[in-house]
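So the chains spell out like this:
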Amino acid sequence: MTATDADVICELEKRRFETIVERDFHGFADLAHPELAYTHSSGTLDTLDSFIEKCESTYYAYHRIDHLVESVTVVGDTAVVIGEMRVDMTAGGTRRELVNRSLGVWARVDGTWRFLAHQATAKR
């Protein structure tokens, strides 16, 4: 039995959140597209380099991320993931508990899925 693209994306989503919590930023970078656009629920936009730099400096420190994938839509070489994130983190020295809706975009490049974009929106 072979995994569908949606199954592969679900596993990659799990891995990307694990790498962030485990502070494995090399592993995160290996999953990401070089042109990553990472938009936080605050509206702050990071590139791959700026996001990793902020995580390495502990400006962003992720203590726990629970991520529920609600749907994965694959169209050609693009996958869109809709989900919900419950995050325990420190941002800029302030501990926060967040509940966000999330959108993740993956692009298949030369046969490999790469994490291209993230958008988080606070749930109210």
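The preceding data block contains the structure.
Each value, and the rule that gives it
- Residues numbered from 1 in each chain as written.
- Predicted model: local features only at pLDDT ≥ 70, side-chain atom pairs only at ≥ 80, totals over all residues.
- Heavy atoms only, no water.
- Helix = DSSP H or I, 4+ residues; strand = E, 2+ residues; numbered from the N terminus.
- Rg over C-alpha atoms; globule rule 2.2 N^0.38 Å.
- Buried < 20%, exposed > 50% of the residue type's maximum accessible area, 1.4 Å probe, protein only.
- Contact = heavy atoms within 4.5 Å.
- Areas by Shrake-Rupley, 256 points an atom, 1.4 Å probe, with all protein chains shown as cover.
- Lys, Arg positive; Asp, Glu negative; His and termini not counted.
- Charge placed at Lys NZ, Arg CZ, Asp CG, Glu CD.
- Pairing = 2+ DSSP bridges.
- Axes fitted to C-alpha atoms, helices over the stretch in contact; angles between N-to-C directions.

1. Observations regarding the overall build of the protein
Item 1. Counting its secondary structure elements, the protein contains 3 helices and 6 strands.
Item 2. Written out in order from the N terminus, the α and β elements of the protein read α-α-β-β-α-β-β-β-β.
Item 3. In terms of overall dimensions, the protein is globule-like: its C-alpha atoms have a radius of gyration of 14 Å, near the 14 Å expected for 124 residues.
Item 4. In terms of overall dimensions, the protein has C-alpha extents of about 45 × 30 × 25 Å along its principal axes.
Item 5. Per-residue burial for the protein yields a buried fraction of 37% across its 124 residues.
Item 6. Sequence-distant contacts, at least 24 apart, represent 47% of the contacts inside the protein between residues at least 6 apart.
Item 7. Summed over all atoms, the accessible surface of the protein reaches about 6800 Å², with 50% contributed by carbon and sulfur.
Item 8. Between the mean site of the 14 positive side-chain charges and the mean site of the 20 negative ones, the protein shows a separation of 7 Å.

2. Here's the deal with the sheet that holds strand β5 (residues 94–109)
Item 1. An order of β2-β1-β6-β5-β4-β3 is seen for the 6 strands of this open sheet, with the pairing classed as mixed. Looking at the sheet topology across the chains shown, the edges are occupied by β2 (45–47) and β3 (60–75). With direction set aside, neighbouring strand axes in the sheet form an average angle of 20 degrees.
Item 2. As paired elements, strand β1 (residues 32–39) and β2 share 3 bridges and run antiparallel to each other. Across the sheet, the residue bridging to T39 is L45, located in β2.
Item 3. Contacts from helix α3 (residues 48–56) reach β1, β2 and β3 within the one sheet, and its direction differs from that of β2 by about 100 degrees.

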